[in-house]
Structure formats: structure tokens, C-alpha cells
Amino acid sequence: MAGTLYIVPTPIGNLGDVSPRAREALEDCDFVACEDTRVGGKLLFLLGIKKELVSHHEHNKKQSAAYIADRISKGERCALISDAGTPAVSDPGEELVAACHKAGVTVTPLPGPCAAVCALSASGLPSRRFVFEGFLPDKGKERKERLSALASERRTAVVYSTPHDIARDLADLAASLGNRRMLFARELTKMNEQTVQTSLAEALRMVENGEIPKKGEMALVIEGADEAAASENAFWADMDVQTHVAHYVALGFSKMDAVKKAAKDRGVPKSAIYDEVR
Ligand code: SAM
């Protein structure tokens, strides 16, 4: 009989955030899969739980996912934890969950701490819809493309960063997105928690002069683009109307649907687009 993979969120800093269900899952499982066995071992020690730890991290994730999924499919119950927060959100847990689905074993998620949601909830920015960006790509074309997509993104965005990258991330975000409002969330739930409602340029200044220390865990919640910025940075901004419609036709839309989509992008009546392409 197949076992189960339990996805068990762990604290992002405050041990009091281990839920009774998370504790129970860790107590009842056959083994725990974790990113770093030292970090996972310390948490279990603090909770007074003794379990076999199996490492599943960035550099062994393919092999360990296959190994763990195989054990679960033979009937064991595995609790997946990450170094902090919700496993599989911006961490290698994602591969293990995919491997378990592929192996046909049950995946049971438990709700719990997640830095992105915790920061978003304190941002005061529109949060009915938002995008989670995780870490920005390190360099090159991928980084430029991501920054340019964010420049026209209307929804509030959550970005993760690190003390090493924070100054460069803020400088690139301010250059690409303009000086948007944001919440800088540092060390959430910990003793030195710091949340600063500020702007991208001001946050960069504060990081550079030490008002926001380049230390600890950091998440940024950034205001979405306003309508003007979204159109100015949109993928179609440099296209004429014909090319814009042809773009959608090439994606497989009928000419009429392509006209409707281009009209919606540009915020004009579809007759105005249709007049130009018929
Ligand atoms: N799975 C985790 C989650 O649910 O939030 C995220 C894992 S990701 C590898 C680690 C990043 O999350 C950190 O670099 C930081 O950007 C963010 N983070 C984690 N703990 C945080 C905290 N206490 N305060 C602010 N950001 C935090």
C-alpha cells in the first residue's frame, strides 16, 4: 500500500509557529526529508522528536526525489520540511512533490508559515491578486527579461533577496520599475524583525547607509505598475497595430479574437483595431 508525502511548513524564525498538525506529522512519519540535515536536525531536537533524516537539496534533488518517492510508494510516510517556511516554495521540495505525483503517491499539504505571504499580509499594498517572483535570476538575459516583465506587471509582486544581493536587486528594480512603493520585510517573526514601508529608491538608500542592515532574511513586496507604466513597458509597446494582431494570430488565435485581444491590451474599442487590419 502506498504511503504519503506530507508537506510540513516549519517556522521562518519563531518556534512558536509550529502548528499542532505540523508537530503531529513530524511525530507520526517514518522519516523526514529536509534540505539541510543540520537545520532539520536542530528543529527536530528543539521539538523533542527523533526521526531518520534524508537529505533532499539543490545538488542531489533528482536522485533523492526518486529515492524518497520510491520509499513512499512502498508504504512509508515521509514529512517534507525545508530550511524555513513552506516546502516547495522557492526551494528543492518542488522536485520531490513532482516525483511523488509521478509515482502516484498521495501528497498531503499542511498550511503554515511562508515568508512571501507573511510579508504580503503586512504590506498594505493591493493583495487580492499578487505575483510571487522568488529570487531574481542572478544575471544576464534572464534577469533583464524578468525585470522588464515586472515593469509592466500590474499586480503586487513579492521578491526574495539575500544580504549579498539586496543592494543590486534594489538598484536594478528601481531602474527598471521606477520608484515604486514597497514594504521591506526583514527577519520576520524573529527578535530583530524589521518592516519598513518605503519606496525602492529610499530602501536602497537605507540599505546603503545601514538603516536597514544587510543581514538576515529579506523579502520585498512591491507595488504593481500603474496603467501608464504597464502600457509603456508592455511587450506590444513598440509594435504597430498590424504586428500586434499578427502576434496573436501566430499564437493560434482567430483573426477576430486577435483583434479583440489587441484592443483589450491597448484599451481601445475593437472597431479601432479592426479598421486598421481589415
Ligand atoms: N520556503 C520558504 C518560504 O515558505 O518562505 C522560502 C525559502 S527561500 C529558499 C528563503 C528566502 O525566503 C530567504 O532568502 C528570504 O528571502 C525569505 N525568507 C525566509 N525567512 C524569512 C524571514 N523570516 N523574513 C523575511 N524573509 C524571509
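Residues numbered from 1 in each chain as written. Predicted model: local features only at pLDDT ≥ 70, side-chain atom pairs only at ≥ 80, totals over all residues. Heavy atoms only, no water.

Draft legend 1. Representation of the overall build of the protein. Summing up its helical and strand segments, the protein has 12 helices and 10 strands in all. Overall, the C-alpha framework of the protein stretches about 70 × 50 × 30 Å when taken along its three principal axes. Looking at the protein residue by residue over its 278 residues, the buried ones come to 44%. Considering only residue pairs separated by 6 or more positions, the protein has 67% of its internal contacts joining residues 24 or more positions apart. A gap of 2 Å separates the mean positions of the 36 positive and 39 negative side-chain charges of the protein. (Helix = DSSP H or I, 4+ residues; strand = E, 2+ residues; numbered from the N terminus. Buried < 20%, exposed > 50% of the residue type's maximum accessible area, 1.4 Å probe, protein only. Contact = heavy atoms within 4.5 Å. Lys, Arg positive; Asp, Glu negative; His and termini not counted. Charge placed at Lys NZ, Arg CZ, Asp CG, Glu CD.)

Draft legend 2. Inspection of the packing of aromatic side chains at higher detail. Enumeration according to the criterion identifies four aromatic pairs in this entry. Judged by centre distance (5.8 Å) and plane angle (85 degrees), the ring pair of Tyr248 and Phe253 falls under edge-to-face. One Lys or Arg, Arg71, reaches over the ring of Phe31 and ends 4.0 Å from the middle of that ring. (Phe/Tyr/Trp six-rings, centres within 6.5 Å; stacked < 30°, edge-to-face > 60°. Lys NZ or Arg CZ within 6 Å of the ring centre and 35° of its normal.)

Draft legend 3. Spatial organisation of the state of the cysteines. Enumeration according to the criterion identifies zero disulfides in this entry. Unpaired in this structure, Cys29 has its nearest cysteine sulfur neighbour in Cys78, at a distance of 6.9 Å. According to the relative accessible area criterion, Cys29 is buried, its value standing at 3%. No disulfide involves Cys100; its sulfur sits 7.1 Å from that of Cys78, the nearest cysteine. (Disulfide = S-S within 2.5 Å.)

Draft legend 4. Geometry of the sheet that holds strand E4 (residues 77-80). Within the open sheet, the five strands sit side by side as E3-E2-E4-E1-E5. Their pairing is parallel. Two strands lie at the open edges of the sheet, namely strand E3 (52-55) and strand E5 (106-109), each paired on one side alone. When strand polarity is set aside, the average angle formed by the axes of neighbouring strands in this sheet is 25 degrees. Bridge count between strand E2 (residues 31-34) and E3: four bridges; the pairing is parallel. Considered in E3, the bridge of Phe31 is made with Glu52. Sitting on the sheet, helix H4 (residues 93-102) is in contact with strand E1 (4-7), E2, E4 and E5, with an inclination near 150 degrees to E1. (Pairing = 2+ DSSP bridges. Axes fitted to C-alpha atoms, helices over the stretch in contact; angles between N-to-C directions.)

Draft legend 5. Summary view of helix H6 (residues 140-151). The end-to-end C-alpha distance of H6 is 17 Å, a good match for the 16 Å that 12 residues give at a rise of 1.5 Å each. Of the positions making up H6, those classed as buried are Arg143, Leu147, Leu150 and Ala151. Looking down the long axis of H6, one finds its buried residues gathered within 110 degrees of arc, a one-sided arrangement. Facing away from the buried surface of H6 by more than 90 degrees, the exposed residues are Lys141 and Glu142. Buried residues along H6 sit in contact with strand E6 (130-135), strand E7 (156-161), helix H7 (166-177) and helix H9 (227-233). (Expected span 1.5 Å × (residues − 1). Arc of directions from axis to C-beta.)

Draft legend 6. Quick look at the pattern of salt bridges. All chains considered together, the criterion is met by 19 salt bridges. In this structure, the salt-bridge partner of Arg71 is Glu76, at a minimum N-O distance of 2.7 Å. Given the relative accessible area of 13%, Arg71 is considered buried. On the accessibility criterion, Glu76 (24% relative accessible area) is partly exposed. (Salt bridge = Lys/Arg side-chain N within 4 Å of Asp/Glu carboxyl O.)

Draft legend 7. The arrangement of a nonpolar patch on the surface in detail. A surface patch of nonpolar side chains, amounting to about 330 Å² of accessible area, comprises Leu15, Phe45 and Leu46. Tracing the backbone through its elements, the reader meets Leu15 in the loop between E1 and helix H1 (20-28). (Patch = residues over 30% accessible without salt bridge, like charges linked within 9 Å, V, L, I, M, F, W, Y side chains within 5 Å. Areas by Shrake-Rupley, 256 points an atom, 1.4 Å probe, with all protein chains shown as cover.)

Draft legend 8. Examining the nonpolar core more closely. Counting residues in hydrophobic clusters, the biggest one holds 24 residues, and the most contacted among them are Leu170, Leu173, Met182, Phe184, Leu200, Leu220 and Ile222. For this core, the secondary-structure elements that each account for two or more residues are H6, E7, H7, strand E8 (181-186), helix H8 (200-208) and strand E10 (218-222). Counting 17 residues, the second largest nonpolar core, distinct from the first, contains Phe31, Ala33, Leu96 and Val107. (Core = buried A, V, L, I, M, F, W, Y, C linked by side-chain atoms within 4.5 Å.)

Draft legend 9. The arrangement of the packing of helix H3 (residues 61-73) against H4 in detail. Packing of H3 against H4 brings their axes to within 9 Å, and their N-to-C directions diverge by 45 degrees. In terms of orientation, H3 lies oblique with respect to H4. Here H3 and H4 pass one another in a crossing that is right-handed. In contact with Lys61, Ala65, Ile68, Ala69 and Ile72 of H3, H4 contributes Glu95, Leu96, Ala99 and Cys100. Tallied by class, the residues present in the contact of H3 with H4 amount to seven nonpolar, no polar and two charged. (Parallel < 35°, antiparallel > 145°, perpendicular 65-115°, else oblique. Left-handed = near helix turned anticlockwise from the far one by under 90°. Nonpolar A, V, L, I, M, F, W, Y, C, P; charged D, E, K, R; others polar.)

Geometry only, nothing functional implied.
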